[in-house]
Amino acid sequence: MYRIPTHPDVTGLGSAQPPPGLVFLSADKVAVDRLRLLDDALRQDVPGTDGWTWDDDDFRAETFCAAFDPATYVVAADAATGDYVGLARVWKNPHQPRLGLIGVLAPYRRRGLARALLAHVFGVLHERGSLDVTAEVDDANSASSALLRSLGAHRIGGVIEYVRRANRRIGPAGGSLARAGGSLARSSRG
Ligand SMILES: CC(C)(COP(=O)(O)OP(=O)(O)OC[C@H]1O[C@@H](n2cnc3c(N)ncnc32)[C@H](O)[C@@H]1OP(=O)(O)O)[C@@H](O)C(=O)NCCC(=O)NCCS
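Criteria and thresholds
- In this numbering scheme, every chain counts its residues from 1 along its sequence in written order.
- The predicted nature of this model means local features are confined to residues of pLDDT at least 70 and side-chain atom pairs, given and counted, to a pLDDT of 80 or more, with totals for whole chains, interfaces and linings taken over all residues.
- Going along the chain from the N terminus, every DSSP run of H or I of four or more residues is numbered as a helix, and every run of E of two or more is numbered as a strand.
- Counts of 20 or more other C-beta atoms within 10 Å of a residue's own C-beta define buried residues, counts of 12 or fewer define exposed ones, and intermediate counts define partly exposed ones; C-beta atoms are placed from the backbone.
- Note that contacts rest on C-beta atoms placed from the backbone: two residues are in contact if these are within 7 Å.
- Note on definitions: a residue is near a molecule or strand provided its C-beta atom, placed from the backbone, lies within 6 Å of it.
- Ten residues, namely Ala, Val, Leu, Ile, Met, Phe, Trp, Tyr, Cys and Pro, are considered nonpolar, four, namely Asp, Glu, Lys and Arg, are considered charged, and the remaining ones, Gly among them, are considered polar.
- Take the buried Ala, Val, Leu, Ile, Met, Phe, Trp, Tyr and Cys residues, join any whose C-beta atoms are within 7 Å, and the set you get is a nonpolar core.
- Paired strands, as defined in this entry, are two strands with at least two bridges between them according to DSSP.
- Helix axes are fitted to C-alpha atoms over the stretch in contact, other axes to C-alpha atoms as well, and angles between N-to-C directions run from 0 to 180 degrees.
- For this classification, under 35 degrees means roughly parallel, over 145 means roughly antiparallel, 65 to 115 means roughly perpendicular, and everything else is oblique.

Q: What is the right way to look at the overall build of the chain in this model?
A: Scanning the chain for helices and strands turns up five helices and nine strands. Of the regular secondary structure in the chain, the N- to C-terminal order runs β-α-β-α-α-β-β-β-α-β-α-β-β-β. Within the chain, the proportion of its 190 residues that are buried is 36%. A separation threshold of at least 6 residues defines the contact pool for the chain, and within that pool the share at least 24 residues apart is 68%.

Structure, rendered in structure tokens:
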């Protein structure tokens, strides 16, 4: 679990703009079925959520819940094709905003898109007076950890998950340690 500052001078995000050829759309202005497919695709690269696919009704219910905030749920689209290629979403939780997912499809990575998406949503939070935002990141997710630490994120806690596989022979100690940390999206609402 991380706490990430939102002030642009602290994160160093300033007013980072989308890379050339990409545009940002609010999630209440996009095609929900295509957003669901983007979400499915991004989850394949998040440790702990690979293999996940949404049911259409469940995705709509989870997305447009009480914590949905169109100002902090932003989708990146390729201006040439209209394809959705990345997203950042911050849930409007009662006590503190929570970064549910930052994700960029593989062909669009390392061009500053994630930084630009976070600059956008954190900028909204900063203007509203939210000093920081929480996020959960699996320790195995080195790209995401590096990204968040580069913004000044501090670790504030963690979860160790033990997994006992049903069809595996186990040693005398019982279960096996699967991973330390805690996935951003182990629950459905990532
Ligand atoms: C993490 C992720 C969102 C980064 O997206 P991106 O658009 O490539 O990120 P950016 O280009 O804005 O990179 C910003 C910084 O993040 C760090 N970073 C990004 N990818 C990295 C990688 N593979 N390894 C190490 N550092 C990385 C770097 O510090 C980078 O700055 P630099 O390019 O100047 O070195 C992307 O890899 C992704 O979607 N991963 C799968 C989904 C996921 O795991 N989401 C997070 C769940 S917690």
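Q: Just checking my understanding: could you explain the site of the ligand for this structure?
A: Around the ligand, 22 residues are found, and the nearest of them are R109, A114, A143, A146 and L147. Elements represented by at least two residues in the shell around the ligand include exactly strand 5 (98-104), helix 4 (113-128) and helix 5 (142-150). Counting residues per element, the shell around the ligand draws most heavily on helix 5, which supplies six residues. In terms of residue class, the shell around the ligand is built from 11 nonpolar, six polar and five charged.

Q: How do you make sense of the nonpolar core when you look at a structure like this?
A: If you look at soluble globular proteins, the nonpolar side chains tend to sit buried side by side. Counting residues in hydrophobic clusters, the biggest one holds 39 residues, and the most contacted among them are V74, V75, A76, L117, L118 and V121. Broken down by secondary-structure element, the contributors of at least two residues to this core are strand 1 (2-5), helix 2 (32-43), strand 3 (73-78), strand 4 (84-91), strand 5, helix 4 and strand 6 (132-135). Residue contacts for V75: discarding those within four places in its chain leaves L25, A27, V30, L35, Y84 and L87.

Q: Looking at this structure, I do not really get the sheet that holds strand 5. What am I missing?
A: Strand-to-strand pairing in sheets goes through backbone hydrogen bonds, with the strands running parallel or antiparallel. The seven strands are arranged 2-3-4-5-6-1-7 in an open sheet whose pairing can be described as mixed. Single-partner strands in this sheet number two, and they are strand 2 (22-26) and strand 7 (154-155). Pairing geometry for strand 1 and strand 6, over four bridges, is antiparallel. The residue bridging R3 from the neighbouring strand is T134, located in strand 6. The strands touched by helix 4 are strand 2, strand 3, strand 4, strand 5 and strand 6; relative to strand 4, the strand with the most contacts, the crossing angle is about 30°.

Q: Just checking my understanding: could you explain the packing of helix 2 against helix 3 (residues 56-63) for this structure?
A: Any two packed helices are characterised by how steeply their axes cross, that is the angle between the axes, and by the distance between the axes. In the contact formed by helix 2 and helix 3, the axes pass within 10 Å of each other and the chain directions differ by 90°. Relative to helix 3, helix 2 is oriented roughly perpendicular. Along its contact with helix 2, which presents V32, D33, R36 and D39, the element helix 3 presents D56, F59 and R60. Here the contact of helix 2 with helix 3 is composed, by residue class, of two nonpolar, no polar and five charged.

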